[in-house]
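Fold and geometry: a report
Listed below, chain by chain, are the residues.
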Amino acid sequence: MTDAQTGAVLSLNNLKAGYGQTEILHDLSLHVNPNEIVAVIGPNGAGKSTAMKSVLGLLNIREGSVVLNGEEITDTPAQKVIEKGISYVPQTNNVFVNLSVQENLEMGAWTRPRGVEARIAEMYDLFPDLAEKRHQAAGSLSGGQRQMVAMAKALMVDAKILLLDEPTAGLSPKYRGEIFSTIQKIKHTGVPILIVEQNAKQALGVSDRGYVLVDGANRHTGTGEGLANDPEIARMFLGGGH
Amino acid sequence: MWDAYLFEFVNFYLIPGLVLGCIYALGAIGITLTFGILRFANFAHGEIMMSGAYITWTIMTLLGAAGIVLHPLVALPFACIFVVGLFLLCDRWFYKPFRKAETIKIVIASFGVMLIIRSAVQVIWGPNQIAFVRGISQPNAWLRDVTGDMGAMIIMPNKHLWIFAGTIVIVIALSYLLNKTRTGKAMRAVSDSPDLAHVTGINVETVIKATWIVGGICATAAGVFLVMDTQTLETTMGFRMLLPMFAAAILGGIGKPYGAVFGGLVIGLAEELSAYPWIGTAPLLSPGYKTGVAFAIMVVMLIVRPQGLFKGRAF
Ligand SMILES: Nc1ncnc2c1ncn2[C@@H]1O[C@H](COP(=O)(O)OP(=O)(O)OP(=O)(O)O)[C@@H](O)[C@H]1O
Ligand SMILES: [Mg+2]
């Protein structure tokens, strides 16, 4: 067992976890420091989404720990985790399609009911496109706009860290660029980000560090730039159309 | 202005159809909310409705013995307290343990709850029908005279006016709850996606309680309105209402409260209007087949448009 990373905002330490009896994460360790964007890349089914869900208490954690700002939160139920300031955007099904944009943001604020109006106004500053759509059902928006609703909704809590699961999957290059630049803006507001991405090159480009996950365990770790230029990784993930 | 046919059509078919529709609508609201939020078809819903009517009647009888004569609508809110309590207890004892299990288990549990409640009511109040004979209800004289002067006489007893008014108030209150309050919006959010609601930090158990409260109030009102209309209390009344209420919920789209209201009105109207002599002088369908109408609408709907008119969840 390695110790929890000191000084990290969030760390996953030697996690063994899975759904019911099936173990998906075999020995996973990763951490996010203050003011960092950290990317997690890896093939389909590697356990990237599962790693994020383990933070939200959605999994059976058999061994290892999840630590937020020095406090162990292993197996804490989702509602409590969110109250503690973890802001999570799932890979799919991440907005309430029948609720308006505004109502989605209000729901995002469920665990911090004070100052909702002001926070919503901040979100409309960060995502100007959403302001004019505020009374439209989230389900009627384009994929990119939905992803922005999902991010804004997640950020309604007093976020200590933002977890993004493939925020640009299936989006046009225009929206992809917009999402990546918004991510950098969010980082500059002081919220570190853990991002899972298929668009590995672009993700590593904006990231300070990255992890390559294969079969539920770390395969490579390095700086964003270092990983992006690593020939083996390029062959594995970066060669394709991403 | 009206001829004899129109007079008969409006007063003896259309208005009773709408009255029945209001009752179905209120019952279907609870069914559709339960389905949307807890994701199961609650077979005990009709019994809850029936027990609400018995409790209302008991409150009226007890206070009546003390010389206090209550209108059913005044006793209704007090009965709601009991019924909501009953719903919450059922949830705690019979439904909550199955929350994470396959749906079929909780559906069967609701079937059991249905039998338990009906038997309990039969033990407490007896299995026989209780009829209130108060003679023919007089039509509202004011409405009759005013509309009569206009040549479109409407014959409507006060009880029907109360049922309309009560339904309108409840539907307006429901729409306020769902669109303007935090809890109501969370109910819509959970109905939309329970998983996302969970990882958004919404307290799903609180939302479930709210659902039982709303469903319980609507069901009690439906039961009381039904008794006001038919002047009889029967332990089988809830079960008889179950099919048309499900038909209404499916017609409107499962999980859609406004759809349930609309579906309820359509089913109520369809049942009554099916007995109108559309062709010749005999009723189109013998009144004995009324319930068949709801069943037919439900089956056709499930085949051609399972998501219902308001795009609810398909089975
Ligand atoms: N709810 C679940 N129950 C059981 N097994 C699951 C569940 N969700 C995912 N899995 C399994 O866990 C493994 C890892 O899935 P995960 O979704 O974490 O992969 P991923 O790296 O996010 O892949 P992708 O790039 O496709 O999103 C897969 O083998 C998958 O079949
Ligand atoms: Mg994934």
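Residues numbered from 1 in each chain as written. Chains lettered and ligands numbered in written order. Predicted model: local features only at pLDDT ≥ 70, side-chain atom pairs only at ≥ 80, totals over all residues. Heavy atoms only, no water.

Going by an unreviewed UniProt entry, chain B carries the name Branched-chain amino acid ABC transporter permease and comes from Thalassorhabdomicrobium marinisediminis. Of the comments in the UniProt record for chain B, the one headed Subcellular location (unreviewed entry) reads "Cell membrane". Taken directly from UniProt, the Sequence similarities (unreviewed entry) text for chain B runs: "Belongs to the binding-protein-dependent transport system permease family. LivHM subfamily." (UniProt positions renumbered as here; feature names shortened; annotations may be inferred.)

Chain A appears in an unreviewed UniProt entry as ABC transporter ATP-binding protein from Thalassorhabdomicrobium marinisediminis. For the record of chain A, the UniProt heading Sequence similarities (unreviewed entry) holds the text "Belongs to the ABC transporter superfamily."

1. Side note on the overall build of chain B
Looking only at helices and strands, chain B features 12 helices and two strands. Along chain B, helices and strands appear, N-terminal first, in the series α-α-α-α-β-α-α-α-α-α-β-α-α-α. The C-alpha radius of gyration computed for chain B amounts to 20 Å, which stays within 12% of the reference 20 Å derived for 315 residues, consistent with globular compactness. Its C-alpha atoms give chain B principal-axis dimensions of roughly 60 × 55 × 35 Å. When the 315 residues of chain B are sorted by exposure, 51% land in the buried category. Partitioning the intrachain contacts of chain B with sequence separation of at least 6 by distance along the chain shows that 73% fall at a separation of at least 24. Within the structure as shown, chain B displays about 14,300 Å² of accessible surface, and the carbon and sulfur contribution to it stands at 71%. (Helix = DSSP H or I, 4+ residues; strand = E, 2+ residues; numbered from the N terminus. Rg over C-alpha atoms; globule rule 2.2 N^0.38 Å. Buried < 20%, exposed > 50% of the residue type's maximum accessible area, 1.4 Å probe, protein only. Contact = heavy atoms within 4.5 Å. Areas by Shrake-Rupley, 256 points an atom, 1.4 Å probe, with all protein chains shown as cover.)

2. Brief notes about the nonpolar core
In this structure, Leu56, Ile86 and Leu163 of chain A together with Ile202 of chain B are the most contacted members of the largest nonpolar core, which totals 182 residues. With sequence-adjacent residues up to four places away left out, Ile86 of chain A is seen in contact with Leu10, Val55, Leu56, Leu68, Ile73, Val81, Val157, Ile161 and Leu163 of chain A. (Core = buried A, V, L, I, M, F, W, Y, C linked by side-chain atoms within 4.5 Å.)

3. Points about the coordination of the magnesium ion (ligand 2)
Around a metal, the ideal angle is 109.5 degrees if four donors adopt a tetrahedral arrangement and 90 or 180 degrees if six donors adopt an octahedral arrangement. Residues and elements named next belong to chain A. The magnesium ion (ligand 2) binds to the protein through Ser49 (OG) and Gln91 (OE1); the donor distances cover 1.9 to 2.1 Å. Of this pair, Ser49 sits in helix α1 (residues 48–55) while Gln91 sits in the loop between β6 (86–89) and α3 (101–108), and the two are 42 residues apart along the sequence. By relative accessible area, which is 34% here, Gln91 ends up partly exposed. (Donors = N, O, S within 2.8 Å, 3.2 Å for Na, K, Ca; no water.)

4. Re the site of ligand 1
All names here are of chain A. Lining the immediate environment of ligand 1, one finds 13 residues, of which Gly45, Lys48, Ser49, Thr50 and Gln198 sit closest. In this structure, Gly47 approaches ligand 1 through a main-chain N or O atom, which is 3.0 Å from an oxygen atom. In the model, an oxygen atom of ligand 1 is placed 2.9 Å from a nitrogen or oxygen of the Gln198 side chain. Taken by itself ligand 1 offers 630 Å² of open surface, and the protein chains cover 60% of this. In terms of residue count, the dominant contributor to the shell around ligand 1 is α1 (three residues). Taken together, the residues of the shell around ligand 1 sort by class into four nonpolar, seven polar and two charged. (Near = heavy atom within 4 Å. Polar contact = N/O pair within 3.5 Å; in protein donor to acceptor, adjacent residues only side chain to side chain. Nonpolar A, V, L, I, M, F, W, Y, C, P; charged D, E, K, R; others polar.)

5. Looking at the interface of chain A and chain B
Each partner contributes residues to the interface: chain A has 23 residues there, and chain B has 17 residues. Of the roughly 1,900 Å² buried at the junction of chain A and chain B (both faces included), carbon and sulfur atoms supply 59%. On the chain A side of the contact with chain B, Phe96, Met107 and Trp110 of chain A bury the most area, a combined 36% of that side's loss. Between chain A and chain B we count two salt bridges in total. (Buried area = accessible area lost by both parts, 1.4 Å probe. Salt bridge = Lys/Arg side-chain N within 4 Å of Asp/Glu carboxyl O.)

6. Description of the packing of aromatic side chains
Two aromatic rings, taken as a pair, are described by how far apart their centres are and by the angle between their planes. Counting across every chain of the model gives 14 aromatic pairs over all chains. Three or more aromatic residues joined by ring pairs form one cluster here, namely Phe9, Tyr13, Tyr276 and Trp278 of chain B. (Phe/Tyr/Trp six-rings, centres within 6.5 Å; stacked < 30°, edge-to-face > 60°.)

7. Here we look at the UniProt feature "transmembrane region" (unreviewed entry) in chain B
Residue and element names in this part refer to chain B. The UniProt record annotates "transmembrane region" (unreviewed entry) at residues 12–38, 50–70, 76–94, 106–125, 160–178, 242–267 and 287–304. Across residues 12–38, helical content stands at 100% and strand content at 0%; the span's end C-alpha atoms are separated by 39 Å. Secondary structure content for residues 160–178 is 100% helix and 0% strand, and the end C-alpha separation is 27 Å.

8. Some thoughts on helix α12 (residues 290–304) of chain B
All names here are of chain B. A rise of 1.5 Å per residue sets the reference length of α12, with its 15 residues, at 21 Å; its end C-alpha atoms lie 22 Å apart and thus fit the reference within 8%. Residues of α12 that are buried: Val293, Ala294, Met298 and Met301. For α12, the angular spread of buried residues about the axis comes to 130°, placing them on one side. In α12, the exposed positions that point more than 90 degrees away from the buried face belong to Ile303 and Val304. Tucked inside the fold, the buried residues of α12 contact α10 (237–252) and α11 (257–273). (Expected span 1.5 Å × (residues − 1). Arc of directions from axis to C-beta.)

9. What to know about unusual backbone geometry
As a rule of thumb, non-glycine residues mostly have phi less than zero, and peptide bonds are mostly trans rather than cis. All names here are of chain A. In this structure, Asn14 is a non-glycine residue whose phi angle is positive, near 45°. Among the structural elements, Asn14 can be located in strand β1 (residues 10–19). Its identity as a non-glycine residue notwithstanding, Asn93 has a phi of 50°, on the positive side. As for its placement among the helices and strands, Asn93 is situated in the loop between β6 and α3. Overall, the relative accessible area of 44% leaves Asn93 in the partly exposed class.

10. Points about the pattern of salt bridges
All names here are of chain A. A full pass over the atoms with the stated rule returns 16 salt bridges over all chains. Residues Arg112 and Asp158 are paired through a salt bridge, measuring 3.3 Å at the closest nitrogen-oxygen approach. Residue Arg112 is found in the loop between α3 and α4 (116–126), and its partner Asp158 is found in the loop between α6 (143–154) and β7 (161–165); the two are separated by 46 residues along the sequence. Its relative accessible area of 17% is what places Arg112 among the buried residues.

11. What about helix α3 (residues 72–95) of chain B?
The sharpest bend along α3 of chain B comes to roughly 30°, located at Phe78 of chain B. Looking at the buried residues of α3 of chain B, the elements they touch are α1 (4–38), α2 (45–65), α4 (103–125) and α9 (204–230) of chain B. (Bend = angle between axes of the 7 residues up to and from the residue.)

12. Regarding the packing of α10 of chain B against α11 of chain B
Residues and elements named next belong to chain B. Interhelical geometry of α10 versus α11 gives an angle of 125° and a closest axis separation of 7 Å. Regarding the angle of α10 to α11, the classification is oblique. In this structure, α10 crosses over α11, and the sense of that crossing is right-handed. Between α10 and α11, the contacting residues are Pro244, Ala247, Ala248, Leu251 and Gly252 on the first element and Gly259, Ala260, Gly263, Gly264, Val266, Ile267 and Glu271 on the second. Classifying every residue of the contact of α10 with α11 gives seven nonpolar, four polar and one charged. (Axes fitted to C-alpha atoms, helices over the stretch in contact; angles between N-to-C directions. Parallel < 35°, antiparallel > 145°, perpendicular 65-115°, else oblique. Left-handed = near helix turned anticlockwise from the far one by under 90°.)

13. Observations regarding a nonpolar patch on the surface
Residues and elements named next belong to chain B. Taken together, Trp278, Ile279, Leu284, Leu285 and Tyr289 make up a surface patch of nonpolar side chains, about 560 Å² in accessible area. With respect to the helices and strands, Tyr289 occurs in the loop between α11 and α12. Since its relative accessible area comes to 56%, Tyr289 is described here as exposed. (Patch = residues over 30% accessible without salt bridge, like charges linked within 9 Å, V, L, I, M, F, W, Y side chains within 5 Å.)

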